[in-house]
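Notes for the structure review
Chain by chain, the residues:
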Amino acid sequence: SMNLSASHLTKLCLSFYTEALKNIHERGLNREINTSGLTSELEKLLSLDTPEDIYNWLQTISIRTEKKICGIKFDKNKQLIQNVTKIINDEYNTDITVLSLSSRLCLSPNYLRKIFKEHVGKSLSMYIADLRIEKACDILKDSTIKISEIPEKVGLLNNPYFYFLVKKNTGYTPSEYRVLRNLENK
């Protein structure tokens, strides 16, 4: 290890810290990273007089900064996922897919899948399919609409897949489900 004096280490930390602050301001992150607590941290640094203490100070600061940055990333992703679910809820009846969503949001499909699953707890394609079936089941209650017209109304253009999904989700075929719902409402 380099045998640096405490004052030398302090100078290094100060310049590192100043650089970091400059970076925070240049990137417009001062709203997200509260810089007011930094003054007391610097005062603490200046009061330390052994290399070990300075090293420990630096380690603590690094861990705290990393946690903050991860938090900001998580919040940004949370916002992104809210936007994605809003798009899906508004446009489930179009041919929306993971690929069309990812290209629209300028993200890689794998990244979008990954963070969606992290935040929502189910895969993106599963979320879209579940929402479509939920909407289809609502429409099934209306006997004036032909069952064969429903898949298109919820963005499921593949008819057999629609029958499979309704059966998988409700335990009934679309026509059985319709009969049951209408009996319940009488």
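First things first, this report covers the structure right here in the doc. Quick caveat: nothing in here was measured; it's all calculated off a predicted structure.

Along the chain, the position of Thr173 falls in the loop between helix 8 (159-170) and helix 9 (174-184). When the C-alpha positions of Thr173 and Tyr163 are compared, they lie 6.4 Å apart, and in sequence the two are 10 residues distant. If near-sequence neighbours (up to four positions away) are discounted, Thr173 is found in contact with Val166 and Lys167.

Let's shift gears to unusual backbone geometry. Positive phi values are uncommon outside glycine, yet Cys106 reaches one of about 55°. In this structure, Cys106 sits in the loop between helix 4 (98-104) and helix 5 (109-120).

We now examine the pattern of salt bridges. Summed over the entire model, instances satisfying the criterion amount to seven salt bridges. A salt bridge links Glu118 to Lys114, with the shortest nitrogen-to-oxygen separation between them at 3.1 Å. Here the residue Glu118 and the residue Lys114 both occupy positions in helix 5, the gap between them amounting to four residues, near one helical turn.

Attention now moves to the packing of helix 8 against helix 9. The geometry of helix 8 relative to helix 9 is characterised by a closest axis approach of 9 Å and an angle of 50° between their N-to-C directions. Taken together, the axes of helix 8 and helix 9 are oblique relative to one another. From helix 8, Phe162, Tyr163, Val166, Lys167 and Thr170 reach across to helix 9, where they touch Pro174, Glu176 and Tyr177. When grouped by side-chain class, the residues that make up the contact of helix 8 with helix 9 number five nonpolar, one polar and two charged.

Ranked by internal contacts, the top residues of the largest apolar core, which has 31 residues, are Val84, Ile88, Leu101, Leu124, Ile133, Ile150 and Phe162. Broken down by secondary-structure element, the contributors of at least two residues to this core are helix 3 (51-91), helix 4, helix 5, helix 6 (124-140) and helix 8. Beyond its immediate chain neighbours, meaning those up to four positions away, Leu101 contacts Val84, Ile87, Ile88, Ile96, Leu112, Leu124 and Ile128.

About the cut-offs
Residues numbered from 1 in each chain as written. Predicted model: local features only at pLDDT ≥ 70, side-chain atom pairs only at ≥ 80, totals over all residues. Heavy atoms only, no water. Helix = DSSP H or I, 4+ residues; strand = E, 2+ residues; numbered from the N terminus. Contact = heavy atoms within 4.5 Å. Salt bridge = Lys/Arg side-chain N within 4 Å of Asp/Glu carboxyl O. Axes fitted to C-alpha atoms, helices over the stretch in contact; angles between N-to-C directions. Parallel < 35°, antiparallel > 145°, perpendicular 65-115°, else oblique. Nonpolar A, V, L, I, M, F, W, Y, C, P; charged D, E, K, R; others polar. Core = buried A, V, L, I, M, F, W, Y, C linked by side-chain atoms within 4.5 Å. Buried < 20%, exposed > 50% of the residue type's maximum accessible area, 1.4 Å probe, protein only.

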